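So you can see what is in the structure, the chains are spelled out below.
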Amino acid sequence: MENSNGFETDIAARMRALRLAQSMTLDDLATRAGVSRAMISRIERGEASPTAHLLARLCSALGTTLSRFFADGENTEDPLSRRNDQRIWRDPETGYLRRSVSPDGTGSPVDIVEVEFPPGARVVFEQQQFDAGLTQHLWLFEGRLTMTAGEETHVLEAGDCLFMRLAEAHIFHNPHGKPARYAIILNRSKV
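The shown structure was predicted, so the numbers you read here are calculated from the model rather than taken from an experiment. (Residues numbered from 1 in each chain as written. Predicted model: local features only at pLDDT ≥ 70, side-chain atom pairs only at ≥ 80, totals over all residues. Heavy atoms only, no water.)

Chemist: What am I meant to see in the environment of R42 here?
Modeler: Relative to the helices and strands, R42 is located in helix 3 (residues 37–44). For the pair R42 and A12, spaced 30 residues apart in the sequence, the C-alpha separation amounts to 8.6 Å. Excluding residues within four positions of it along the chain, R42 makes contact with E47 and A48. (Helix = DSSP H or I, 4+ residues; strand = E, 2+ residues; numbered from the N terminus. Contact = heavy atoms within 4.5 Å.)

This is the structure we're talking about:
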């Protein structure tokens, strides 16, 4: 699933541009995200690669989602997203691989992401007040995955689909010996 489009190097510039577009200082973003000013500064200078957990907190505080953060930003309105052009990001902490599948610039409130989640990996996304009303489906293609959404825990098998609200805390965990591969279908329309 890996490609070499260099998207990971854009994280610093994207983070800074989003913050400045909202006239937010480093201190403002640090307070909203619950992340140290120093860490945000290091990310924006390209000196630190944020984990999925940290990046999700920063995106939420900036009023966006991981999917929108990883979107190209150009309004090309091309309805076709070719596999070789899709942006990929690897979480430096767990090694999970995230591919942005949806075409950018279409105006659709739905984003599709493909994920390869390694054996033993565990990612915790805390409840974020800025994500209230957003929803997602997790559709498991291969492997098994233990998902906690809010107070409920589910063991998913290939073919299962789980609906979740982004405002709830989520724990993605693969305690099994094989990778899990799944799609996240995110709906940014407030429900």
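After presenting the structure, the write-up continues.
Chemist: Whenever I open this one, helix 3 confuses me. Can you help?
Modeler: Since the α-helix packs 3.6 residues into each turn, any two residues three or four apart lie on the same face. The set of residues buried in helix 3 consists of I40, S41, I43 and E44. Projected onto a plane normal to the axis of helix 3, the buried residues spread over an arc of 160° and lie on a single side. Lining the buried residues of helix 3 we find helix 1 (11–21), helix 2 (26–33) and helix 4 (52–61). A positive phi of about 75° marks G46, the residue just after helix 3. (Buried < 20%, exposed > 50% of the residue type's maximum accessible area, 1.4 Å probe, protein only. Arc of directions from axis to C-beta.)

Chemist: I would appreciate a short explanation of the packing of helix 2 against helix 3 in the present structure.
Modeler: When two helices pack together, their arrangement is given by the angle between the helix axes and by the axis-to-axis distance. For the pair helix 2 and helix 3, interaxial distance at closest approach is 9 Å and the crossing angle is 115°. You can see that helix 2 and helix 3 cross each other, and the crossing is right-handed. Residue-level inspection shows L26, D27, L29 and A30 of helix 2 in contact with helix 3, the latter providing R37, I40, S41 and E44. The class makeup of the residues in the contact of helix 2 with helix 3 is 4 nonpolar, 1 polar and 3 charged. (Axes fitted to C-alpha atoms, helices over the stretch in contact; angles between N-to-C directions. Left-handed = near helix turned anticlockwise from the far one by under 90°. Nonpolar A, V, L, I, M, F, W, Y, C, P; charged D, E, K, R; others polar.)

Chemist: Explain the sheet that holds strand 5 (residues 135–142) here, please?
Modeler: Backbone hydrogen bonds hold the strands of a sheet together, and the pairing may be parallel or antiparallel. The antiparallel open sheet is built from 6 strands, whose spatial order is 1-2-3-10-5-8. On the outer flanks of this sheet lie strand 1 (88–90) and strand 8 (161–165), each paired with one strand and no other. Strand-to-strand twist in this sheet, taken as the mean axis angle between neighbours without regard to direction, amounts to 20°. For strand 3 (residues 110–117) and strand 10 (residues 180–187), the ladder comprises 8 bridges, and the chain directions are antiparallel. (Pairing = 2+ DSSP bridges.)

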